[in-house]
Amino acid sequence: MAAATLTEEPTNARVLVVGSGGREHALAAAIAASPKVAHVAFAGGPNAGLETIAEAIDPATVEDAATGFDLIVIGPEAPLADGLADRLCAKGLAVFGPSKAAAELEASKSFTKELCTRIGVPTAKARICDELADALAAVDRMGAPLVVKADGLAAGKGVVVAETIEEARRAVKECFDGTFGAAGARVVLEERLEGPEVSLFALSDGKTVRALATARDYKRAFDGNRGPNTGGMGAISPAPDFDDAACEAAMETIVRPTLRALADDGIAYVGVLYAGLMLTKDGPKLIEYNVRFGDPECQVILPRLAGDAYSLLYATATGNLADAAIDNRGTAVGVVVAAEGYPGPVRRDEEIGGLDAVAAAGATVYHAGTRPDGDRVLSNGGRVLTVVATGADADAARGAAYGALTHLAWPGGRHRSDIGS
Ligand code: AMP
Ligand code: GLY
């Protein structure tokens with residue numbers, strides 16, 4: 001599927017963002033800030049922040065409603081893997097987000113592993129197994145430490161970095177037990193790589209592939225990278241210790257060859273590609289691809305963008321990325337505020353105060369799990385807010401974000417105190 005051939009950028013534009021988390025609040029806010037945009041809507045909800053800047057649309061009606069919009073930006077992976085972009089493109093709409101075939105890069109780890117191995121993209125050595133007995137035998141052969149991955153989409157929970165053979169065997173059995181549903185019917189076993197992780201975000205319009213930004217997210221629940229894995233407790237952009245030259249090198253050895261190989265198979269990639277990299281002693285290696293913005297990485301990437309976010313997304317959706325402006329300024333730090341207990345069960349419906357004071361102190365608050373209740377904002381999920389501040393460097397951005405956070409009045413909220421340090 002090629003990018004839409006719409007080229008004339010609409011003004012007084014109507015833009016629909018699919019999804020309703022912190023990532024989509026950041027997307028909607030950046031789009032709404034464009035003087036060329038007259039109306040923004042989002043599909044999903046509730047979200048007390050998004051609802052103040054965008055019209056809420058019932059996700060069940062999104063395919064019909066989309067025809068009334070000049071640009072549709074798809075936030076999460078699930079609708080992409082389900083082919084929403086294909087169906088909207090077939091109606092002649094401008095869509096930011098890859099086709100179902102291209103979304104295989106995230107939806108199937110074995111697809112990506114086979115592709116990257118075939119074309120020589122640096123990545124962990126791996127074995128793909130469809131049978132329990134075969135996988136257990138492979139675990140014994142490969143030895144520990146070993147990384148066990150359910151093949152399909154598992155909401156970020158399908159990866160176990162096993163220190164021992166016993167742990168790896170247990171993880172393999174869980175995959176085939178149905179813990180991850182259809183996602184676990186195939187497992188990918190791979191060598192453990194070591195080094196700092198970096199997220200590289202690239203834009204592709206189906207012809208041109210350009211780096212957008214880098215970021216680092218903080219996956220563990222507690223300070224010092226301890227505790228269980230989460231969807232992400234904070235992020236910084238740009239990623240420290242990964243300069244423009246390193247970024248461009250990874251674009252050349254990893255991202256561009258991957259998208260060229262897809263194109264050779266007739267699959268044009270349109271949207272943002274998120275490459276999770278590990279900076280090993282042998283150079284950067286691919287850990288995984290996601291076919292969307294990260295959450296909370298999106299919340300620290302977009303505030304750094306100096307130009308018009310709507311124009312950039314529109315150009316990407318319509319095959320005009322080569323001439324678009326990409327100009328990032330300063331450093332942004334985003335701290336996720338989660339409900340006590342996250343990533344386990346949490347209490348909901350707690351009143352969140354001080355939001356205006358946080359904003360007055362110079363930070364931007366993106367909402368994820370919140371809902372409005374009259375004039376009040378109530379908690380409504382695990383990850384509830386991302387508080388973002390920008391500055392000339394990491395120290396300035398971190399100081400501004402944590403300084404603003406002191407104004408938040410929500411006793412049940414928890415956040416890490418070491419994001420960006
Ligand atoms: P994912 O859910 O695919 O984002 O993977 C979660 C995390 O598992 C990654 O961010 C890495 O920290 C870790 N991981 C995945 N693959 C490997 C690997 N081959 N070696 C070491 N760590 C890995
Ligand atoms: N923050 C990690 C992700 O969005 O996948």
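Check the entry above for the structure.
Described in the following lines is the structure provided in the data block. Position numbers for residues start from 1 in each chain and track the written sequence from start to end. Here the convention is simple: chains get letters from A, ligands get numbers from 1, in the order in which they are written. In keeping with the model being predicted, local features are shown solely for residues with a pLDDT of at least 70 and side-chain atom pairs are shown and tallied solely at 80 or more, while totals for entire chains, interfaces and linings include all residues. Side-chain measures were taken over the full set of non-hydrogen atoms in the model, leaving aside hydrogen atoms and water.

Before going further, it helps to spend a moment on the site of ligand 2. We call a residue near a given molecule or strand whenever any one of its heavy atoms falls within 4 Å of it. Every residue lining ligand 2 is accounted for by D217, G231, Y274, N290, R292, G294, D295, P296 and E297. Pairs of N or O atoms within 3.5 Å make up the polar contacts considered here, provided that, within protein, one atom can donate a hydrogen while the other can accept it, and that residues adjacent in sequence are counted only when both atoms are side-chain atoms. For ligand 2, a nitrogen atom lies 2.9 Å from a polar atom in the side chain of D217. At 3.0 Å, a backbone N or O of D295 approaches a nitrogen atom of ligand 2. In these tables, accessible area is a Shrake-Rupley quantity obtained with a 1.4 Å probe, and a residue counts as shielded only by the protein chains included in the view. Considering ligand 2 on its own, with 200 Å² of exposed area, one finds that the protein chains cover 86% of that surface. Charged means Asp, Glu, Lys or Arg here, nonpolar means Ala, Val, Leu, Ile, Met, Phe, Trp, Tyr, Cys or Pro, and polar covers whatever is left, Gly included. Along the lines of polarity and charge, the residues of the shell around ligand 2 split into 2 nonpolar, 3 polar and 4 charged.

Here the focus is the site of ligand 1. Around ligand 1, a shell composed of 14 residues is seen, among which K149, E190, L193, E197 and E288 lie nearest. A distance of 3.0 Å separates a nitrogen atom of ligand 1 from a polar atom in the side chain of K149. Within the backbone of E191, one N or O atom sits 3.0 Å away from a nitrogen atom of ligand 1. Calculation on ligand 1 without its partners gives an accessible area of 480 Å², and the protein chains cover 89% of this total. Here a strand is any run of E in DSSP of at least two residues, a helix any run of H or I of at least four, and the numbering for each starts at the N terminus. Those elements that place two or more of their residues in the shell around ligand 1 are β7 (146–150), β9 (187–191) and β16 (283–290). For the shell around ligand 1, the class distribution of residues is 6 nonpolar, no polar and 8 charged.

Quick look at the sheet that holds strand β6 (residues 126–129) now. Note on pairing: DSSP must find at least two bridges between two strands before they are called paired. One open sheet holds the 4 strands; their spatial order is β6-β9-β7-β8, and the pairing between them is antiparallel. Edge positions in the open sheet fall to β6 and β8 (159–162), since each of these has one partner strand only. Sheet twist, expressed as the mean angle between neighbouring strand axes with direction ignored, is 20°. Taken together, the 5 bridges between β7 and β9 define a ladder with antiparallel strand orientation. By the bridge assignment, A150 is partnered in β9 with V187. Between N-to-C directions, angles span 0 to 180 degrees; the directions come from axes that are lines fitted to C-alpha atoms, helices contributing only their stretch in contact.

Right, let's talk about unusual backbone geometry for a bit. The omega torsion of the bond from S237 to P238 falls at 0°, within 30 degrees of zero and hence cis. Looking at the secondary structure, you find P238 in the loop between β14 (234–237) and α10 (244–264). The residue after D295, namely P296, is reached through a cis peptide bond having omega 25°. Of note, P296 is situated in the loop between β16 and α11 (297–301). Residue D241 is not a glycine yet carries a positive backbone phi of 65°. Accessibility expressed as a relative area gives 69% for D241, which makes it exposed. Positioned with a positive phi, D349 is a non-glycine residue whose angle comes to about 65°. Accessible area is worked out with a 1.4 Å probe on protein chains only. A residue is then buried under 20% of its type maximum, exposed over 50%, and partly exposed in between.

It is worth spelling out the packing of aromatic side chains at this point. Pairing of aromatic side chains here covers Phe, Tyr and the six-membered ring of Trp, requires ring centres within 6.5 Å, and sorts the geometry by plane angle: under 30 degrees stacked, over 60 edge-to-face, intermediate tilted. Taken as a whole and assessed by the stated rule, the structure comprises 4 aromatic pairs. Judged by centre distance (4.6 Å) and plane angle (55°), the ring pair of F201 and Y274 falls under tilted. Taken together, the positions of F201 in strand β10 (residues 197–205) and Y274 in strand β15 (residues 270–280) put the pair 73 residues apart, joining distant regions of the chain. On the basis of an interplanar angle of 25° and a centroid distance of 6.3 Å, the ring pair of F201 and F293 is categorised as stacked. On the criterion of sequence distance, the pair formed by F201 in strand β10 and F293 in the loop between β16 and α11 is long-range, its members being 92 residues apart. One aromatic cluster is present, formed by F96, F201, Y274 and F293 through successive ring pairs. Directly above the aromatic system of F69 lies the positively charged group of R14, at a separation of 4.7 Å from the ring centroid. In this analysis the charged atom, NZ for Lys or CZ for Arg, is taken to sit over a ring once it is within 6 Å of the ring centre and within 35 degrees of the ring normal.

Relative orientation of the contacting elements helix α8 (residues 132–142) and helix α9 (residues 165–177) amounts to 165°, with a least axis distance of 10 Å. Relative to α9, the element α8 is oriented roughly antiparallel. As α8 packs across α9, the resulting crossing turns out to be right-handed. Facing L132, A135, L136, V139 and D140 of α8, the residues of α9 in contact are I165, A168, R169, V172, K173 and F176. Class assignment for the residues of the contact of α8 with α9 results in 8 nonpolar, no polar and 3 charged. Any angle that falls under 35 degrees is termed roughly parallel, while one over 145 is termed roughly antiparallel, one within 65 to 115 roughly perpendicular, and all others oblique. Helix crossings fall into two classes, left-handed where the near helix is turned counterclockwise from the far one by less than a right angle and right-handed where it is turned clockwise. Two residues form a contact once any of their heavy atoms are found within 4.5 Å.

This brings us to the sheet that holds strand β3 (residues 55–57). The 5 strands lie next to each other as β3-β2-β1-β4-β5, forming an open sheet whose pairing is parallel. In this open sheet, the two edge strands, each paired with only one partner strand, are β3 and β5 (95–96). Bridging between strand β1 (residues 13–18) and strand β4 (residues 71–74) involves 4 bridges; their strand directions are parallel. Paired with V15 across the two strands is L71, which belongs to β4. Along the sheet, helix α1 (residues 22–32) makes contact with β1, β2 (37–43) and β4, crossing β1 at roughly 170°. Each of β1, β2, β4 and β5 touches helix α12 (residues 309–317); the most contacted strand, β4, lies at about 90° to it.

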